[in-house]
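Tertiary structure, described
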Amino acid sequence: MKILVAIKQVPERDAQVHVASDGKWIDESDLNYTINEPDAYALEEALQLKEKNGGEVVVVCAGPERVTSTLREALAKGADRAIHIEADDMGSRDTLGVAQILADAMKSESPDLILTGLQSDDLGLGQTGVVMAELLGIPHATIIMHVEATGSGLKVKRELEDGWFQHVEMPLPALLTIQSGGNKLRYATLMGIKKAKTKETKTVQAAAATAPAIALDRVYLPEKQKKTEMLTGTPDQVAAKIVEKLKFEVRVI
Amino acid sequence: MVDVTLAAVTCAHPSGTMLFPAMWVSATLAEPAHFSWLETGLLAAGIVISLALFFWRFGPILRNILHSKQDADFSLHPVGRRVWDFFWEVLCQGKVIRQRPLPGLAHAFVFWGFLAFALVSSNHIANGLQIGFLSPESSLGKFYFLFAAAWALLVAVGITGLFIRRFFVRPIWFGKKVSIESGWIAFLIFLLMVSYLGAFFVSPGGAAVKALWWTHTLTLLVFLPLIPHTKHLHLVISPVTVFLKRDGFSNIPPLSGDEDFGLVAGKDVTQLISLQVYSCVECGRCTEHCPAANSGKVLNPKEIALGVRSYLNELGSVSDVALLAEARPETAFANLLSMEAAFECTTCGACEYQCPVGIQHVPVIVGLRRGATNTGVWEDTYGTKLFLALEKNGNALGLSAMERDKFIQKEAFPIFDGTQEYCLWLGCMGGYDPKGREIIADFARVMKYLGTTFGVLKKEKCTGDPARRLGNDLVFQTLAEAGLKAFETAKVQKIVAICPHCVRTIANDWREYGIAPEIEHHSEFMARHKDRLPKQASGESIVYHDPCYLGRYRDVYEAPREMVRQAGTLVEAPRSHERSFCCGAGGGLAFLGEEQGERVSHIRAAELAGTGAQVVGTACPFCNTMFRDALAEVSTAPPQLLDIAQLTARALPKMQETGIMDQGTGEQ
């Protein structure tokens, strides 16, 4: 089974993020980058599928030169090949634009299965995978916890709300967006890093960005809106006031 | 001929010799007067057979040692220290006696006796070959044979004592199986001595002289081929091992080349390791002091040495077969060298410290872990979590680096900018752990009180100690390089840290990637300034626990004790100094899951509480954290638990806090 894993490089989890001077994106200087967490689980799922069923795992990542470090890490963890889609203007591409360049690079690989994280840690739009499936014309399933190959197709476990799960059977080729926490991640090893040096990383140029349908207007840190109102009176009066507020201001009861 | 009488009971006989009731006693060794050519021929044949058998058995061992991989870091430097070790540990039997006085002395008698016998035995065999060079009649001969006789007595007494110990006292660390071979060896040694001493009790020229001579000779000839087969091989190679062992304590060698991931298979076993494992005399001193072996775990350091030896014997030193039992097909030494055992080691180094024949267990155990971790064979939920935390967060506790920033702000620690004298290294415990933070804060108060300027690094990552000891060279290298760069960028000259693990790792282990600034432990810093620190008159009894990484690893025993004496009355634990018993946290084990068997920390905590001291004094935040719960578990009225920094700081006058104590972080 040939599995492609689309991964994204995002700022480290505890990075001190500052808004860039133009207010359109974050200041990228002085940031450390790492693999997007759900993508790490997608990679893990791919590696486990390969270990069980054989085949090949190819990681694909779009972005500037710096993303090659994340690709190398994926190779060190056990991916067989990497494709780097070179693009310095990721910030000016919307979801469709990003999905388009990923899909373009994947098409010629004719994979059996494409995995990616269900969303990114930075933007959290959760659409890239789904749009990619549409562009490639293959079925998809989202928020996947577990994947099992059944020979001709797949059995997947989707996470629903409130502790419910849905088990779905689907044909191949397909695209799945993977939820974090379904597997245990592996640690990178010295042997993996040394082997990664000999593995192939293909660099392709991203097609020029078209005018995005969605543009980021302003990026800002959450503004503090600490409005505390002290309710006074007898317990009965306070309770009545709370009920009124919950009913008419917050509208939850 | 005038013989000195050995027994003064009866009157002198006219001939000058003594006639004890029906017994000949003489101060001169009786040697056969004449050997026929037939006898000489038989002896020569005996020697050839004995030597051939010896080399038939010793040859493969020597080949295994010589054909093992060369040690990339092999060096004879420093020769002076090696000569001293050889003199003290081999010739003086210093370690053997010091760590186990009675059996040690018995052993020393046997050893020194053997040395004394070198000349006697050479002459004995030479006589049979009709080229004897030392006549019992000559004045040198008279003296020397009597001198050797005195030693023969001591050897006989010593070996009898050791025999009784092995077969009747049977200390548990000898293992359950009684070594019959040892009995035979002891018997042969005893026979050698008796057949030598006997020659003082027979009249010269008699048949008994010849009989004794042949008994002695045959014993020697039988003894020789037994040496390589049994643990008595240490007789031949352990002096070499002691001289050649890797410099320093528990030093982990660098990996060499792109194909070296640690001890994966036999071909990764180096010459020093081979030499060391073949030197093992199975005395069990390592087992006796091992915290894992003493708390019901699989690991027994002796079996690590014997496991590698069995592997080499069975599969050779160029084999590709995996060393660890879990990854290896069925072998005769099935239960030895398991991954489970390798990952139970706290790297406390007690085994290595105790070993009288120069075996360096910790680098072997860490080598096995490297082989498993660097290749991804080791799968452990907690271990993986730790490595991922170190990869992602740069600290072993897996917390956000922001937590450290907040703590620095709260304590108003200045950031190191090159103007201060010291860089205060927080470490994972000092930066993130609540108790570790208390220790750091108190030590910072001590520094402020002394007027020593210090600053902390703006960003600090783990030294990589747990990754290093758990065999993850990738994470360790990344962290070591990042740390070295941080010190270089900040232009740090001197570092002080509260954690012996950080001190050890920065000072020694980082050397593989560069030279770090000079670092010391806070006990050393405080002891140097102790005259300027207040002495407490409470007289409170404080039992001090030696951390492995400060004592055995760094040889610092007195400095923390001086600080304890400053704060109260020092009480020594039953096991202290270089015999201190581990808290169970080292070697990355603080971050792994629940232990098998009894908790190491409970054993030690019970021992410390058992001294009745009011306070347990520690000098390592890991020991401190291990004892925090353990003391409460093992004692209904647990003693107080304080680091030496806290013991010192509590006597300082309260300072006006002018810092930005409660300003908070302003980001919530």
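It should be emphasised that the depicted structure is a prediction, and the values quoted were computed from it without experimental measurement.

When its secondary structure is counted, chain A shows 6 helices and 11 strands. Referenced to the eigenvectors of the C-alpha coordinate spread, the extents of chain A come out at roughly 75 × 45 × 40 Å. Across the 253 residues that make up chain A, the buried fraction comes to 42%. Taking the contacts inside chain A whose residues are at least 6 apart along the sequence as the reference set, 68% of them involve residues at least 24 apart. By element, 52% of the accessible surface of chain A is carried by carbon and sulfur atoms, the whole surface being about 14,100 Å². Charged side chains of chain A number 30 positive and 37 negative; the gap between the two group centres comes to 3 Å.

All names here are of chain B. Ordered by their spatial adjacency, 4 strands build an open sheet running 8-7-9-10, and the pairing between neighbours is parallel. Bordering the open sheet on either side are strand 8 (569-572) and strand 10 (640-643), each of which pairs with just one other strand. Pairwise comparison of adjacent strand axes, ignoring direction, gives a mean angle of 35 degrees for this sheet. For strand 7 (residues 541-544) and strand 8, the ladder comprises 4 bridges, and the chain directions are parallel. Its bridge partner lying in strand 8, valine 543 is registered against valine 571. The sheet contacts of helix 23 (residues 558-567) involve strand 7 and strand 8, and relative to strand 7 the element is tilted by about 165 degrees.

Considering the arrangement of structural elements, one finds Ser250(B) in the loop between helix 8 (234-244) and helix 9 (271-279). In contact with Ser250(B), other than residues within four places in its own chain, are Gly349(B), Glu352(B), Val362(B), Pro363(B), Arg504(B) and Tyr553(B).

Along its sequence, chain B is carved into domain 1 (37-243), domain 2 (247-373), domain 3 (398-528) and domain 4 (533-649). One C-alpha centre belongs to domain 1 of chain B, the other to domain 4 of chain B, and the line joining them spans 44 Å.

So, about the interface of chain B and chain A. Across the contact, 29 residues belong to chain B and 19 residues belong to chain A. Taking both partners together, chain B and chain A bury about 1,900 Å²; carbon and sulfur atoms supply 55% of that area. Summed over the three residues of chain B that lose the most area to chain A, namely Phe261(B), Lys392(B) and Leu474(B), the buried surface amounts to 29% of that side. In this assembly, chain B and chain A are joined by 2 salt bridges. Here Lys194(A) and Asp258(B) are joined by a salt bridge, their closest N and O atoms 3.7 Å apart. For the interface between chain B and chain A, the tally reads 4 residue pairs in polar contact (both at pLDDT 80 or more).

Under the definition given, this model contains 33 aromatic pairs over all chains. Ring centres of Trp378(B) and Phe387(B) lie 6.0 Å apart, and the angle between their planes is 65 degrees; this geometry places the pair in the edge-to-face category. Both residues of the pair, Trp378(B) and Phe387(B), belong to the buried class. The interplanar angle of 85 degrees and the centroid separation of 6.4 Å between the aromatic rings of Trp425(B) and Trp510(B) together place this pair among those described as edge-to-face. Highlighted residues: Trp425(B) in strand 3 (residues 422-425) and Trp510(B) in the loop between helix 21 (500-507) and strand 6 (518-521), separated in sequence by 85 residues. Ring pairs connect the aromatic residues Tyr187(A), Phe343(B), Trp378(B) and Phe387(B), which therefore count as one cluster. In this structure, Lys157(A) packs its charged tip against the face of Phe165(A), placed 4.4 Å from the ring centre.

Moving on, we come to the nonpolar core. The nonpolar side chains of soluble globular proteins are, as a tendency, buried together. Residue and element names in this part refer to chain B. Counting 125 residues, the largest nonpolar core has Tyr196, Trp378, Trp425, Phe487 and Trp510 as its most contacted members. For this core, the leading source of residues is helix 5 (residues 139-169), giving 9 residues. If we skip the residues at most four places from it in the chain, tryptophan 510 touches Trp425, Thr463, Phe476, Leu479, Ala480, Gly483, Leu484, Phe487, Thr505 and Ala516. Listed in part, the 37 residues of the second largest apolar core include Phe454, Val456, Ala527 and Val564.

Residues and elements named next belong to chain A. With mixed pairing, the 9 strands of this open sheet are ordered in space as 9-8-7-10-6-1-4-5-11. At either margin of the open sheet sits one strand with a lone partner, and together these are strand 9 (165-171) and strand 11 (200-205). Taking the axes of each pair of neighbouring strands and ignoring which way they run, one obtains an average angle of 35 degrees across the sheet. As defined by bridge partners, strand 1 (residues 2-7) adjoins strand 4 (residues 56-63) across 6 bridges and the pair is classed as parallel. Across the sheet, lysine 2 pairs through a bridge with glutamate 56, a residue of strand 4. The strands touched by helix 2 (residues 68-77) are strand 1, strand 4, strand 5 (81-86) and strand 11; relative to strand 5, the strand with the most contacts, the crossing angle is about 170 degrees.

All names here are of chain B. At a minimum axis distance of 7 Å, the contact between helix 1 (residues 37-67) and helix 9 shows a crossing angle of 150 degrees. Our classification of the angle between helix 1 and helix 9 gives roughly antiparallel. For the pair helix 1 and helix 9, the contacting residues are Ile61, Asn64, Ile65 and Leu66 in the first and Gln271, Ser274, Leu275 and Tyr278 in the second. Along the lines of polarity and charge, the residues of the contact of helix 1 with helix 9 split into 5 nonpolar, 3 polar and no charged.

A few words now on the pairing of strand 5 of chain A. Residue and element names in this part refer to chain A. Counting buried positions along strand 5 gives 5 out of 6 residues, so the element sits mostly inside the fold. Relative to strand 5, strand 4 runs parallel, the two being bridged by 6 bridges. Each bridged residue has a counterpart across the sheet, and for alanine 62 the counterpart in strand 5 is isoleucine 85. For the handedness criterion, the β-α-β arrangement of strand 4, helix 2 and strand 5 is classed as right-handed. Relative to strand 11, strand 5 runs parallel, the two being bridged by 6 bridges.

Here we come to empty space enclosed by the protein. All names here are of chain B. The tally for this structure, following the rule as stated, stands at 10 cavities of 30 Å³ or more. If you trace the largest cavity, you find 19 residues lining it, with Pro253, Pro254, Asp260, Asp268 and Thr270 closest to the centre. No other element matches the 3 residues that helix 14 (residues 361-373) contributes to the lining of the largest cavity. Residues belonging to the lining of the largest cavity are distributed by class as follows: 7 nonpolar, 5 polar and 7 charged. There are two domains that each give the lining of the largest cavity at least three residues, and those are domain 1 (37-243) and domain 2 (247-373).

Residue and element names in this part refer to chain B. Among all positions of helix 2 (residues 79-91), only Arg82, Asp85, Glu89 and Val90 are buried. Seen along its axis, helix 2 keeps its buried residues to an arc of 85 degrees; they face one direction. Glutamine 93 sits one or two residues past helix 2 and shows a positive phi near 60 degrees.

This paragraph deals with a nonpolar patch on the surface. Residue and element names in this part refer to chain B. A surface patch of nonpolar side chains, amounting to about 490 Å² of accessible area, comprises Trp84, Phe87, Trp88, Leu91 and Leu115. Here the element with the most residues in the nonpolar patch is helix 2; it accounts for 4 residues. With respect to the helices and strands, leucine 115 occurs in helix 4 (residues 101-128).

As a further point, take the pattern of salt bridges. Residues and elements named next belong to chain A. By the definition in use, this model includes 52 salt bridges over all chains. In this structure, arginine 186 engages glutamate 44 in a salt bridge whose closest nitrogen and oxygen atoms are separated by 3.0 Å. Residue arginine 186 is found in the loop between strand 10 (174-178) and helix 5 (190-196), and its partner glutamate 44 is found in helix 1 (residues 37-53); the two are separated by 142 residues along the sequence. The exposure class assigned to arginine 186 is partly exposed, which follows from its relative accessible area of 23%.

Further remarks concern helix 21 of chain B. Because the α-helix completes a turn every 3.6 residues, residues three or four places apart line up on one side. In terms of burial, helix 21 of chain B is a largely internal element, 8 of the 8 residues being buried. Every buried residue of helix 21 of chain B is accounted for by Pro500(B), His501(B), Cys502(B), Val503(B), Arg504(B), Thr505(B), Ile506(B) and Ala507(B).

Attention now goes to the pairing of strand 9 of chain A. Residues and elements named next belong to chain A. Taken together, the 7 bridges between strand 8 (residues 153-159) and strand 9 define a ladder with antiparallel strand orientation. Residue pairing across strands places valine 156 opposite valine 168, the latter belonging to strand 9. Taking the residues that link successive antiparallel strands as the turn, the strand 8-strand 9 hairpin has 5 residues, and the phi of aspartate 162 there is positive, at about 60 degrees.

All names here are of chain B. Within this structure, the stated rule accounts for 0 disulfides over all chains. Unpaired in terms of disulfides, cysteine 620 finds its nearest cysteine sulfur in cysteine 623, a separation of 3.9 Å. A relative accessible area of 1% places cysteine 620 in the buried class.

Reading guide: rules and limits
- Residues numbered from 1 in each chain as written.
- Chains lettered and ligands numbered in written order.
- Predicted model: local features only at pLDDT ≥ 70, side-chain atom pairs only at ≥ 80, totals over all residues.
- Heavy atoms only, no water.
- Helix = DSSP H or I, 4+ residues; strand = E, 2+ residues; numbered from the N terminus.
- Buried < 20%, exposed > 50% of the residue type's maximum accessible area, 1.4 Å probe, protein only.
- Contact = heavy atoms within 4.5 Å.
- Areas by Shrake-Rupley, 256 points an atom, 1.4 Å probe, with all protein chains shown as cover.
- Lys, Arg positive; Asp, Glu negative; His and termini not counted.
- Charge placed at Lys NZ, Arg CZ, Asp CG, Glu CD.
- Pairing = 2+ DSSP bridges.
- Axes fitted to C-alpha atoms, helices over the stretch in contact; angles between N-to-C directions.
- Domains from an automatic or database assignment.
- Buried area = accessible area lost by both parts, 1.4 Å probe.
- Salt bridge = Lys/Arg side-chain N within 4 Å of Asp/Glu carboxyl O.
- Polar contact = N/O pair within 3.5 Å; in protein donor to acceptor, adjacent residues only side chain to side chain.
- Phe/Tyr/Trp six-rings, centres within 6.5 Å; stacked < 30°, edge-to-face > 60°.
- Lys NZ or Arg CZ within 6 Å of the ring centre and 35° of its normal.
- Core = buried A, V, L, I, M, F, W, Y, C linked by side-chain atoms within 4.5 Å.
- Parallel < 35°, antiparallel > 145°, perpendicular 65-115°, else oblique.
- Nonpolar A, V, L, I, M, F, W, Y, C, P; charged D, E, K, R; others polar.
- Right-handed = clockwise from strand over helix to strand, strands pointing away.
- 1 Å grid on protein atoms, 1.4 Å probe; cavity = no way out; pocket = protein on both sides within 12 Å on 5 of 7 lines; lining within 4 Å.
- Points joined across faces, edges and corners; volume = space filled by probe spheres on them.
- Arc of directions from axis to C-beta.
- Patch = residues over 30% accessible without salt bridge, like charges linked within 9 Å, V, L, I, M, F, W, Y side chains within 5 Å.
- Disulfide = S-S within 2.5 Å.

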